[in-house]
Amino acid sequence: MINFIGKPVSRVDGRLKVTGGAVFSAEFNCQGLAHAVVVRSTIASGRITAIAVDEADRAPGVIAVLTHQNSPRLPYHPHKSLPDAVVGERLHVLQDDQISHQGQPVALIIAETLEEAAHAVSLVRVSYAPDAGTTDYLSVTPVDPTDEKAAVTGLRREESQRGNPAEVFATAEVRFDGNYSIPREYHNPIETHATIASWDGDQLTLWDKTQWVHNVADEIAAIFGMPARDIHVISPFVGGAFGSAARVWAHVTLAALGARIVGRPVKLVLTRRDMYYGTGYRPRSTQRVAIGASLEGRLQSISHEVSHETSTYEEYMESLLFATRFLHSCPNVYTRYHLAPMNIHTPTYMRGPGEASGLFALESALDELAAKLKIDPVELRLRNEPDIDESTNLPFSSRSTRECYLLATERFGWSKRNPQPRSMRDGRLLVGWGMATGVYPVYVATASARVRIFPNGTAEVVSAASDMGPGTYTSMTQVAAETLGLSLDQITFKLGDTNLPRAAIHAGSMTMSSVGSAIQAACDMARAEALLQTGASNLNEALRHLKGPIEKLADFSPEGGEQKFSMNAFSAVFAEVTVDPELGETRVRRMVGAYGAGRIVNPKIARSQCVGGMIGGIGMALMEHASVDPRSGRVVNANLAEYAVPVHADAPPLIDVIFVDEKDPYVPMGVKGIGELAMAGIAPAISNAVFHATGRRVRSLPITPDKLL
C-alpha cells in the first residue's frame, strides 16, 4: 500500500487558486442577476420613526427597496446550532422598527448594478428616536450568564472551584495579582462575505461563503418556514474565514428575501466596512489572574475571572477559562465568568476562540510570577506539570507538553538567554526572549462521506465539508488515496454542497478527525467490496475486472473517548523580539513552536497553519484593535487602512515549526487538529518577550509604541 498520510503533499487545489479557476461565492453567474446593498443604522439603540425611500425608489436601475414597513413577516422558527449563542434570539432582520446596535440593517436596495444600488443607499433618509443604550464597555456592570447557559457544558460553566484558592492565596509565600485586557478584534479575511440567492418556485439555491453548508440550509429553512431539503447551498471555496463564516448572518437572509421579492437572483456582497457590523468578532475582554506559589515555584492557588462584551439580544460565551483549570498543576483553582451586555451585534468564533484570549492572561501572569521568583519561565512550567487533568480527574489521552518545552528550548537556544530584563541588545535595539504554552481541546463530531470507485481506475470521494484555507481538499485526498491504495491523481474529492453527505462544521480543528474518519470508513468499505467482487489482492488489480462502479456511504460517530480521557493538543511557543528604545517599535525577529497534535496528516500544510497562527498572533499582540466610539458604538477604524493587520514585512525572517512525534490511540485517526492550536499562546509569548526586552510589562493588548515610551 502506498503511504500518503504523513507526507508533505502540495495542495491539490493550488493550481486552481493561483490561475483563478477556483470559484468563490460572489463569482457564480446567474441569468438576470440583480445586486443588493444594505442600508445600516447610524444609532446603536432606539427605534425608527420614519424612513423615506421615495427618492431611492426613483433612482436609475433600482428594482426594489425593502424596509421593515414593506417586508413580509418571516416565521423565524427556533433554530440553534453549534455557532449560535445558547441563550437569546438571533437578529430578526427588517421585521420591526427596533434598533439594537450600530450598523443594524434597516433597508435593502436591489438594483440592476452594484453601482446603482450603492448610489440609491445614499438617497434613503432614516429618522430615529434614539435611547441611551449601552455602548461604553467601561461603564457596563458585568453580569453572570443565565443558568440556562451555565448548564450547557461543564467547560463553560459560570463558576468553578477546587480547594480553597482564596484562603491559600492569602498565605502564599509569593503572590501575584494582575489585570489584563484585550480589545475587540475582527477577522478581516481577504474574501468578504457574499451570498447569491436564486428561487425556482419553492426551491432556493444559495451560493454562500460559509464554513458549514448544511447549517445555512437549516437556518434559512427555519427563518422562512420551509423544509431544509428545498434549499441547496453551494460553497466550494472560502477565501479565509477564521470563524467569521461559521454562523449564518443577516445578509444571507436578506439575499434570500430580496430574491423572493423581486423574482430574480440577487447577489449581496458585504463591503469591508459592512464586515465590522454584519459578521462577528473576537469580543473585548478584561481578565484578572491571581496566583499564589511557594518559593520553590510550586503553584498553590490560581484565581482567574473574566468579563467580555456580548449583545443585548444574545449571550455569546467563549472558553477563556478552559486552560486555567488544568494546564498547570495546582490544587486550588477558582474561575468565574461574567458578561457585559451592550448595544452591539453578537461576537463569534475567531481563531482559537476563548483559548487565545484566556492564555494571554494566564501565560503572561505565569511569566510575571517567574520573574518574581527569579525562576526560568520554562523551568517554572516543568515544575508544575500535572499527571492528570486536575479539573476532571481524568487521565490525558496523551500529553506532550514536556517534549514541546524541551524541543523548542533546544532549537531556540533558550539556554543563552540572560534572564535579566533589558540585558540583551543588538546594537541600539533591545532584544527580548519570551515563551508561552498553548492548548486546545480535541473536538470530534459526526460526519458522513461517500465514495464511488469506477472501472476506469478513478475514485470520487465526497462530503459536505468546507475548506477555508487549511487544505481540506488535499488532506482528504491523501486519506482516500492511502485507504484505497490508489495514487493521488486517481482521486477526486468534492465538498461544499448540501447535495453531498452531511459533514460537521469546519471549525474547532475537528474536520480531519470527523470528516477524515468518515472518508476512511467509506473507502475501507468500497475497497473491501471491490476485492470481494473480483477476488483480487489489491484495488488496482480489482479495477481491471470490475463490471461497474462501486459506491459506499459511511456515517462516522465519535465513540465517546472524551468521557474517559482529557483530550487536548499542546504547544510551546518561543519568540524573539527587538524593541527600538527611542521609537517604541517592536519587531518579531524569530519564532519557534513545538506542537504535540497527534498524527500530522500533511506536515507541509500543517506547518503553513502554524506559520499563519504565529503571524495572526503577531497581529493580536502588536497591532489589532477596533477603535470603538464609546458614545455611539461606531467602529471608527472599520477598514484595512486603519485597522492594522500583519503583512509580509511584519513576518519574522525565521519561523521554525516542530511536530512532536505523538501517538494518541484514543482520538479518531490519532489526529488532534492544529488550526486553532496554532493561534493559542502566541500573543503571551510575544508579550513576555517584550517585557524581557524592555523591563516594562504591558497588560493591555496590543503592545503599541505609545505603551513602551
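Residues numbered from 1 in each chain as written. Predicted model: local features only at pLDDT ≥ 70, side-chain atom pairs only at ≥ 80, totals over all residues. Heavy atoms only, no water.

Asker: Give a description of the sheet that holds strand 20 (residues 447–453) that names residues and reports values.
Answerer: Spatially, the four strands line up as an open sheet ordered 22-21-20-23, and their pairing is mixed. Two strands close off the open sheet at either side, each with one partner strand: strand 22 (491–494) and strand 23 (550–556). Sheet twist, expressed as the average angle between the axes of neighbouring strands with direction ignored, equals 15°. Examined bridge by bridge, strand 21 (residues 459–462) and strand 22 share four bridges and lie parallel to one another. Bridge assignment links Glu 460 to a residue of strand 22, and that residue is Thr 492. Each of strand 20, strand 21 and strand 22 touches helix 12 (residues 472–484); the most contacted strand, strand 22, lies at about 135° to it. Helix 13 (residues 511–534) rests against strand 20, strand 21, strand 22 and strand 23 of the sheet, and its axis sits at about 145° to strand 23. (Pairing = 2+ DSSP bridges. Helix = DSSP H or I, 4+ residues; strand = E, 2+ residues; numbered from the N terminus. Axes fitted to C-alpha atoms, helices over the stretch in contact; angles between N-to-C directions. Contact = heavy atoms within 4.5 Å.)

Asker: So, the environment of Arg 599: which residues are in play, and what are the values?
Answerer: Take Arg 599: it is sitting in the loop between strand 25 (586–596) and helix 15 (603–622). Through-space distance from the C-alpha of Arg 599 to that of Val 671 is 4.8 Å; in sequence the pair is 72 residues apart. Once residues within four sequence positions are removed from consideration, Arg 599 is found in contact with Ile 5, Glu 482, Glu 662, Met 669, Gly 670 and Val 671.

Asker: Requested: an account of empty space enclosed by the protein, with residues and values cited.
Answerer: Enumeration according to the criterion identifies five cavities of 30 Å³ or more in this entry. Approximately 260 Å³ is the volume found for the largest cavity. What lines the largest cavity is a set of 23 residues, among which Leu 91, Val 248, Trp 249, Ala 250 and Gly 278 lie closest to the centre. Its residues assigned to classes, the lining of the largest cavity comprises twelve nonpolar, six polar and five charged. The computed volume of the second largest cavity comes to approximately 60 Å³. Among the secondary structure elements, those contributing two or more residues to the lining of the second largest cavity are strand 5 (98–99) and strand 6 (105–111). Split into classes, the residues belonging to the lining of the second largest cavity amount to five nonpolar, five polar and one charged. (1 Å grid on protein atoms, 1.4 Å probe; cavity = no way out; pocket = protein on both sides within 12 Å on 5 of 7 lines; lining within 4 Å. Points joined across faces, edges and corners; volume = space filled by probe spheres on them. Nonpolar A, V, L, I, M, F, W, Y, C, P; charged D, E, K, R; others polar.)

Asker: Can you break down the layout of surface pockets residue by residue, with the values?
Answerer: Approximately 390 Å³ is the volume found for the second largest pocket. What lines the second largest pocket is a set of 17 residues, and nearest its centre among them are Val 38, Val 39, Arg 40, Thr 42 and Arg 273. Those elements that provide at least two residues to the lining of the second largest pocket are strand 1 (34–40), strand 7 (125–130) and helix 8 (272–278). Among the elements that make up the lining of the second largest pocket, the one with the highest residue count is strand 1 (four residues). The residue makeup of the lining of the second largest pocket, split by class, is eight nonpolar, five polar and four charged.

Asker: If you had to explain the packing of helix 15 against helix 16 (residues 682–694) to someone new, which residues and values would you point to?
Answerer: Remark: helix 15 packs on helix 16, axes separated minimally by 8 Å, with the N-to-C direction vectors making an angle of 55°. By the angle between their directions, the pair helix 15 and helix 16 is classed as oblique. Seen from above, helix 15 lies across helix 16 with right-handed handedness. Counted together, Gly 613, Met 614, Gly 617, Ile 618, Met 620, Ala 621 and Leu 622 of helix 15 and Ile 682, Ala 683 and Ile 686 of helix 16 form the full contact between these two elements. (Parallel < 35°, antiparallel > 145°, perpendicular 65-115°, else oblique. Left-handed = near helix turned anticlockwise from the far one by under 90°.)

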